[in-house]
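Take a look at the letters that make up each chain.
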Amino acid sequence: MAGTTTSFAPILTPEQVSNLVIKPLIAASVAGQVLTAVQTGSKEYRLPIVVTDPSASWTAEGAEITVSDADVDELTVTPSKLAALSVISRELAKDSSPAAADVIGDGIVRDLSRKVDQALFTATTTNGPGGLPGVSGISTVSAGASYTNVDPFSDAIYTAAGFNGNVTAWVTNPATAMTLAKLKEQTGSNKPLLGPDPTVPGRRQILG
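A quick note: this is a predicted structure, and the numbers were derived from the prediction, not measured.

Caption draft 1: Quick look at the packing of helix α1 (residues 14-28) against helix α4 (residues 100-120). Contact geometry of α1 with α4 gives a least axis separation of 9 Å together with a crossing angle of 45°. Relative to α4, the element α1 is oriented oblique. α4 is crossed by α1, and the crossing has right-handed handedness. Where α1 approaches α4, its residues L20, V21, P24, L25 and A28 are matched on the opposing element by A101, D102, G105, I108, V109, L112, S113 and V116. For the contact of α1 with α4, the class distribution of residues is 10 nonpolar, 2 polar and 1 charged.

Spelled out as structure tokens, the structure:
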């Protein structure tokens, strides 16, 4: 009596998974659009942090330059795992039209996008990363009870600049976005206050 063992190889290669799931996820999710994506094969990802810059000083010609060292710290990030598993036969993957792998991949990307964005705007996520509400030491700007202009955004830009920061994106929920989209340049005008982004149809710009 003889025994046999059969190994089943994955239908998709790592490169195909990247094209089917990873790249569309970065393009579709809010997190992928506003954050900087990095790739790592390590269990931990280390980010250098400059706590204090080196100090410069006016120095007389020929005099010795005073030594000043930067105060450098390090942030260790442990990536969290967001996984989805769907099983289909090799025959279905090859023979179906439209391709079953593409259809299932699109569904996986949609749910991954929801989960990633939910984690980004939640302080803590079980088995997941900490989100923006859990970040300490941040500055806030009040927009008031309702939006009538873009002054709060201008305040945010200059508040960030006061801490050597640079605002690169605004993120909000659909209801607030709809309110902002209806702001007009002036009373009696039908021209939207927010300008269109020529590089991305449908996206609006606030103060550039």
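Moving on from the coordinates now.
Caption draft 2: Just α1, in detail. The end-to-end C-alpha distance of α1 is 20 Å, a good match for the 21 Å that 15 residues give at a rise of 1.5 Å each. Within α1, the axis deviates most sharply at L20, by approximately 30°, and proline P24 lies no more than four positions further along. Those residues of α1 that sit buried are L20, V21 and L25. Residues of α1 that are buried sit in contact with α4.

Caption draft 3: Examining the pattern of salt bridges more closely. One pass over the structure, following the stated rule, counts 5 salt bridges. Note that R46 and E74 form a salt bridge whose closest N and O atoms lie 3.2 Å from each other. With R46 in strand β1 (residues 45-52) and E74 in strand β2 (residues 71-77), the pair connects residues that are 28 residues apart, well separated along the chain. Judged by its relative accessible area of 47%, R46 falls in the partly exposed class. Across the pair R114 and D111 runs a salt bridge, and its minimum N-O distance is 3.4 Å. Placement of the pair is R114 and D111 together in helix α4, with a separation of 3 residues, close to one helical turn.

Caption draft 4: Summary view of the packing of aromatic side chains. With the rule as written, the count across this model stands at 2 aromatic pairs. When the centroid spacing of 5.8 Å and the interplanar angle of 20° are considered together, the rings of Y147 and F153 count as stacked. Judged by its relative accessible area of 27%, Y147 is partly exposed. Their ring planes at 80° and their centres at 4.9 Å tell us that F153 and W170 sit as a pair that is edge-to-face. One end of the pair, F153, is in helix α5 (residues 151-161); the other, W170, is in the loop between α5 and α6 (174-181), with 17 residues separating them in the sequence. On the basis of relative accessibility, which here comes to 9%, the residue F153 falls in the buried class. Judged by relative accessible area, which is 34%, W170 ranks as partly exposed.

Reading the values: the criteria
- Residues numbered from 1 in each chain as written.
- Predicted model: local features only at pLDDT ≥ 70, side-chain atom pairs only at ≥ 80, totals over all residues.
- Heavy atoms only, no water.
- Axes fitted to C-alpha atoms, helices over the stretch in contact; angles between N-to-C directions.
- Helix = DSSP H or I, 4+ residues; strand = E, 2+ residues; numbered from the N terminus.
- Parallel < 35°, antiparallel > 145°, perpendicular 65-115°, else oblique.
- Left-handed = near helix turned anticlockwise from the far one by under 90°.
- Contact = heavy atoms within 4.5 Å.
- Nonpolar A, V, L, I, M, F, W, Y, C, P; charged D, E, K, R; others polar.
- Expected span 1.5 Å × (residues − 1).
- Bend = angle between axes of the 7 residues up to and from the residue.
- Buried < 20%, exposed > 50% of the residue type's maximum accessible area, 1.4 Å probe, protein only.
- Salt bridge = Lys/Arg side-chain N within 4 Å of Asp/Glu carboxyl O.
- Phe/Tyr/Trp six-rings, centres within 6.5 Å; stacked < 30°, edge-to-face > 60°.

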